[in-house]
Each structure stands twice: as C-alpha cells, then as structure tokens.
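# Structural overview
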Amino acid sequence: MKTEGKPITMLTAYDYSMARLVDEAGIDMILVGDSLANTMLGYDSTLPVTMDEMVHHVKAVCRGAERAMVVADLPFMSYQVSKKEALRNSGRFLKESTASAVKLEGGLEIAETVRAIVNAGIPVVGHLGLTPQSVHQMGGYKVQGKDESAAKKLLADARCLEEAGAFCLVLECVPTPLAKLVTESLGIPTIGIGAGPHCDGQVLVIHDMLGLYPRQSPKFVKKYVNLHESIAASLKQYKEEVAARTFPGPEHCFSMSEEVLKKLY
Ligand code: KIV
C-alpha cells in the first residue's frame, strides 16, 4: 500500500463486538493496544496491564476479525528484561490467538530484540515518538522530537528499526514535518497518531474516536461521534421506563394459552 500511495487504516479494538465492527468497516489493521489498560481496565497508565490480560483481549478480538490484520501490543516488561522473554511472549500471542504481528515501543535500545523476534518468524511493528510505557522517563505525555537532537535520534531510531526487520512503524505525537521526513526516509510504512497527514497510514484509539472514553481527548483526536452521551441517555431512559413500568411493553413479552393458565390458577 505504501508503494501504491494508498493510505493504511488502523484502529484499536479490545473485544469481539468492536473487532467485528472495525473489521466490517474495512479497516486494514486492528491494534489490540496496551491502551486497553486505560480504556477497558480503568488504570491511569499502560504500565499495569499484564501479558495474561493482553492475551485474553487479543483472543476475543481475533474471533471478531475475519479480514483485518490483528497486531498484538507487547505490554510493559514483557520484552525489556531479555530477548528470551520477548520471544516467548511474542510467541504466546501467535500461538494462543490468530494475531499475526506484535508491536513494541522503543528504538536503538530494543533493535536486537526486534531482530530476534523477526528471526523467529514473527512480524514486528515498531513504535516511536511518545511511547507511553516510558511516561515517567519522558516526564508526561508530550510531543516528542521537537529539538534537533531529539529529532535526529528519532530518525536514527526509525532507520534502526527498519534495519532490524520491523515491517511497519507507529509514530505517536511527533511534529508533522518530522513525521514526513521519517516517512520519506523509510521503505516500511509509518502509521501516525498525532503525527500529521504525511504518514503512510493513521491509527486512533477507538474509545477516543467514538467518544466512549470520558477523558479530555488529546488534540490529535477527531471525535466522530459522542457515544458516551448517547449511551448515558439510553441508560437514563431505561431506568425511567422500568421505574414507570412502561418497559417491557407487550411487544417484548411472551404469551401462553388461556386454558393452561386457568388450570394453573
Ligand atoms: O496502545 C495503543 O493503543 C497504541 C496506539 C496509541 C498506537 O499503542
């Protein structure tokens, strides 16, 4: 798609029903992101989510995705300790679900891990820029690569990941001109989130773009619908109708023969 100039679409999904919707919409790739720590599990950061929790969600997503490529996110500390652990955990995703690739965060420092995973036959998506697993090191969720040395490092990290065998690279919260330069410098596609329009594809967290997550959305999010509001209104209406005995109505109920009923009485 990169060589044909066709933009790649990616969205996150974390369960069967959402994966079905995303798949049916023709989205190219589904990322089971460790952002599920926030959106599905209610944590403040992505750090607490475990491999077992990720596998549970990846399996559900794979059951709903018939066509889209499913990418499973390696959670914090599932690949940093050793190459052996990184391989074992990457392998778990492919053995225990039908996911076909893994994603991990970082550049030069994890390049040899990327190479080992790729050498085991597992496709790898890289992730540079704002890498939420390093939030404490970065001092918060901020745009990355703004000064010369940070921009040069990001470009070098991108080249390094491509050389190590990554087939795709997520760029998160990177200035538009830098994302353009990285995209032009690589043979592999870049997928941007808060990285401007020149990336080879775009990804959003589905809870953000559907307005499901009641937090203040980052600047780069476009809310296509406000589902939080619609769902809240439906729940309120349900409560009112049950209280007023207007739900269930006759159309929601089952009947039985008068004769049988008479015998019961
Ligand atoms: O975990 C996630 O959802 C991600 C995307 C923001 C790219 O890594």
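An account of the accompanying structure is given in this report. These numbers were taken from a predicted model, which means no experiment stands behind them.

What follows deals with a nonpolar patch on the surface. A cluster of nonpolar side chains, namely M256, V260, L264 and Y265, defines an oily patch on the protein surface of about 530 Å² accessible area. As for its placement among the helices and strands, M256 is situated in the loop between α10 (227-243) and α11 (258-264). Judged by its relative accessible area of 47%, M256 falls in the partly exposed class.

Another aspect to go through is the environment of L21. Among the structural elements, L21 can be located in helix α1 (residues 16-24). Residue L21 is classed as exposed on the basis of its relative accessible area of 53%. Taking the C-alpha atoms as reference points, L21 and K223, separated by 202 residues in sequence, lie 17 Å from one another.

It is a general feature of regular strands that their side chains alternate between the two faces of the sheet. Of all the five residues making up strand β6 (residues 168-172), five are buried; the element is thus mostly covered by neighbouring parts of the structure. Of the two faces of β6, both are covered, the one formed by C168, V170 and E172 as well as the one formed by L169 and L171. In the sheet, strand β5 (residues 124-129) pairs with β6 via five bridges, with the strands oriented parallel. Considered in β6, the bridge of G126 is made with L169. Bridging between β6 and strand β7 (residues 190-193) involves four bridges; their strand directions are parallel. Across the sheet, L169 pairs through a bridge with T190, a residue of β7. Between the parallel elements β6 and β7, the chain passes through helix α8 (residues 176-185) in a crossover that is right-handed.

What counts, and at which threshold
Residues numbered from 1 in each chain as written. Predicted model: local features only at pLDDT ≥ 70, side-chain atom pairs only at ≥ 80, totals over all residues. Heavy atoms only, no water. Patch = residues over 30% accessible without salt bridge, like charges linked within 9 Å, V, L, I, M, F, W, Y side chains within 5 Å. Areas by Shrake-Rupley, 256 points an atom, 1.4 Å probe, with all protein chains shown as cover. Salt bridge = Lys/Arg side-chain N within 4 Å of Asp/Glu carboxyl O. Helix = DSSP H or I, 4+ residues; strand = E, 2+ residues; numbered from the N terminus. Buried < 20%, exposed > 50% of the residue type's maximum accessible area, 1.4 Å probe, protein only. Pairing = 2+ DSSP bridges. Right-handed = clockwise from strand over helix to strand, strands pointing away.

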